[in-house]
Amino acid sequence: MYNEHSQWLVAWLQRKLGNRSDAADLAQDTFTRIWEGARTQAIQDIRQPRAYLTIVAKRLMINYLERQSLHQAYLASLHLLPEDSVPSAETRAILLETLQELDALLGELPAKVRTAFLLSQLEGLSYEDIAGQMGISVRTVTRYMAQGFRQCLRVMLDA
Amino acid sequence: MPGVDTALLDEAVHWLTRKYASDFSAAEEAELQRWRKRSAAHERVWQCAEQLRSQMGTVPASIGMAVLARTRRRPDRRQVLRAAGLALVTPALGWLAYRNLPWQAWTADYRTATGERRSVTLADGSRIVLNTASALSARFDRETRLVRHYSGEILVETAHAGAPAALPFIVETDNGRMRALGTRFIVRMDGQDTTLSVLQGAVEITPRRSARSMVVRAGEQTRFDDTAFAPVRRLAEDADAWSQGVLYAHGMRLEDFLAELARYRPGVLQCDPGVADLRVSGAFHLDDTDRVLDLLARTLPVQVETRTRFWTRIARR
């Protein structure tokens, strides 16, 4: 399958991403992902390999674009800091990794839940303050918090 | 879900949610401590909770909020892809916006990402090439053409035809102002100071906290801070090679070479002290820094150690 379709997949990804080296990386990841999945599904049984490749590649591409958007937001956020408190290069690299891990933990939480959860965990606001700031009830905040913790724990315990 | 008991998860979520509530009491805390000791599984879940808290604790709140609570476009997946396509072709908005403004009040902001290089034409026809990780804003009015340079490195070619060319063209950094006297020059901001390299014509520098000015001529380079200038040096012939995406090295120390290369790639690029004094020569393409590193590994007794995508170290092989 790799021999037959890898060039096609790289070209397809390159059209979507407009960048050859990222496209090659993602194509590689796609095949790796499929090989890893081969335990549950025999590769030979795949009837329409290109359709299947596209589905896997698309999923990886969305993750990739998410990572890019995180990276951009991160770089922009560094500009917000006063000049004398910008962390060292080493700290920045570690910080970026931590942010990527946390972002993965928070997964697909809806925006409001995410915001409420982060206001509590990062800003240290009380549920009452969060409720006031977001214009929702304390009960809703409590529910959002439970949703946030559940999501994070699930991902962590699954790993 | 393997390994997670739903009832246990529910309980852990309940305790966590309570723990951050403002009315969480000492009695509840004691009960929580008893709860986590009930079994190894309880303890394991709670360890995860603690780990989450310590990870959150290492992130400065302002950065964390800006990054993790960023607006994301994912109402549906197709839209994400379309948005990505758009980002690749977004034109210089500043340039488009200017067409609707009278000449007297033209402003525009330009910025490049790490590894990016970009050429822009200002409203008077002057051209600026922005090197990696650079930012500037241009403000033209009836009296001056002012370019405020915030970070990175720029190559300026001032226009010298038409009415606007009669107005002074000034580049300003944190350290002071440079007035172009019909010319082509490079301004680079590094940490505490500004380096000016003049390729054609001449430029007059006035540091921010100095009454003195100095004229730098073609083929000369100088560095200045808020108050003083460094002695003028002869300019290297390839000072503007970066505007063509090339880095020339003539027996450059590896450490200096890597420091230069690091400007063009995101993340950290470290040089082991044991190889810092090796010498590098050649012309290198800045658009693919990974390839440059591969090339080093093949031509010098060094190896490239990559710990994460954003952490690379060059050490002895």
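Each value, and the rule that gives it
- Residues numbered from 1 in each chain as written.
- Chains lettered and ligands numbered in written order.
- Predicted model: local features only at pLDDT ≥ 70, side-chain atom pairs only at ≥ 80, totals over all residues.
- Buried ≥ 20, exposed ≤ 12 C-beta atoms within 10 Å, placed from the backbone.
- Helix = DSSP H or I, 4+ residues; strand = E, 2+ residues; numbered from the N terminus.
- Pairing = 2+ DSSP bridges.
- Core = buried A, V, L, I, M, F, W, Y, C linked by C-beta atoms within 7 Å.
- Contact = placed C-beta atoms within 7 Å.
- Nonpolar A, V, L, I, M, F, W, Y, C, P; charged D, E, K, R; others polar.
- Axes fitted to C-alpha atoms, helices over the stretch in contact; angles between N-to-C directions.
- Parallel < 35°, antiparallel > 145°, perpendicular 65-115°, else oblique.

(A) The arrangement of the pairing of strand β7 (residues 169-173) of chain B in detail. Residue and element names in this part refer to chain B. In terms of burial, β7 is a largely internal element, four of the five residues being buried. Here strand β5 (residues 145-151) runs beside β7; their pairing, made up of four bridges, is parallel. Counterpart to R148 in the pairing with β7 is E172.

(B) Quick look at the nonpolar core. Ranked by size, the top nonpolar core spans 31 residues in total, and within it L99 and A116 of chain A carry the most contacts. Breaking this core down by element, the ones donating at least two residues are α3 (49-80), α4 (89-106), α5 (111-121), α6 (127-134) and α7 (138-158) of chain A together with α1 (6-19), α3 (40-57) and α4 (61-68) of chain B. At six residues, α7 of chain A tops the list of elements feeding residues into this core. Ignoring anything within four residues of it in the chain, the contact list for L99 of chain A reads L70 and Y74 of chain A together with V59, V67 and L68 of chain B.

(C) Expanded view of the environment of T132 of chain B. Residue and element names in this part refer to chain B. Following the sequence through the fold, T132 ends up in the loop between β3 (127-130) and β4 (135-140). A tally of 21 C-beta atoms within 10 Å means that T132 is categorised as buried. Note: C-alpha distance between T132 and R263 (131 residues apart in sequence) is 6.7 Å. Sequence-distant contacts of T132, defined by excluding residues within four places in its chain, comprise T112, T114, G115, E116, R117, G152, R263 and Y264.

(D) Broad picture of the interface of chain A and chain B. In this complex, chain A contributes 45 residues to the contact, which on the side of chain B involves 40 residues. If you list the elements that add at least two residues to the side of chain A that touches chain B, you get α3, α4, α5, α6 and α7 of chain A. When residues of the side of chain A that touches chain B are assigned to their parent elements, the largest contribution, twelve residues, is made by α4 of chain A. Across the side of chain A that touches chain B, the residue classes tally to 25 nonpolar, nine polar and eleven charged.

(E) Quick peek at unusual backbone geometry. Residues and elements named next belong to chain B. A positive phi is found at A133, a non-glycine position, where the angle reads about 50°. Tracing the backbone through its elements, the reader meets A133 in the loop between β3 and β4. Given 18 C-beta atoms within a 10 Å radius, A133 is considered partly exposed.

(F) Highlighting the sheet that holds strand β14 (residues 268-271) of chain B. All names here are of chain B. Reading across from one edge, β14-β17-β16 is the order of the three strands in this open sheet, with mixed pairing throughout. Of all strands in the sheet, those bounded by a partner on one side alone are β14 and β16 (302-308). The sheet shows a mean angle of 20° between the axes of neighbouring strands, direction not considered. As paired strands, β16 and strand β17 (residues 311-316) are joined by six bridges and run antiparallel to one another. By the bridge assignment, Q303 is partnered in β17 with A315. The strands touched by helix α8 (residues 289-299) are β16 and β17; relative to β16, the strand with the most contacts, the crossing angle is about 140°.

(G) Expanded view of the packing of α6 of chain A against α7 of chain A. Residues and elements named next belong to chain A. For the pair α6 and α7, the least separation of the axes is 8 Å and the interaxial angle reads 110°. Taken as axis vectors, α6 and α7 run roughly perpendicular relative to one another. On the side of α6, the interface is formed by Y127, E128, I130 and A131, while α7 contributes V138, V141 and T142. Its residues assigned to classes, the contact of α6 with α7 shows five nonpolar, one polar and one charged.

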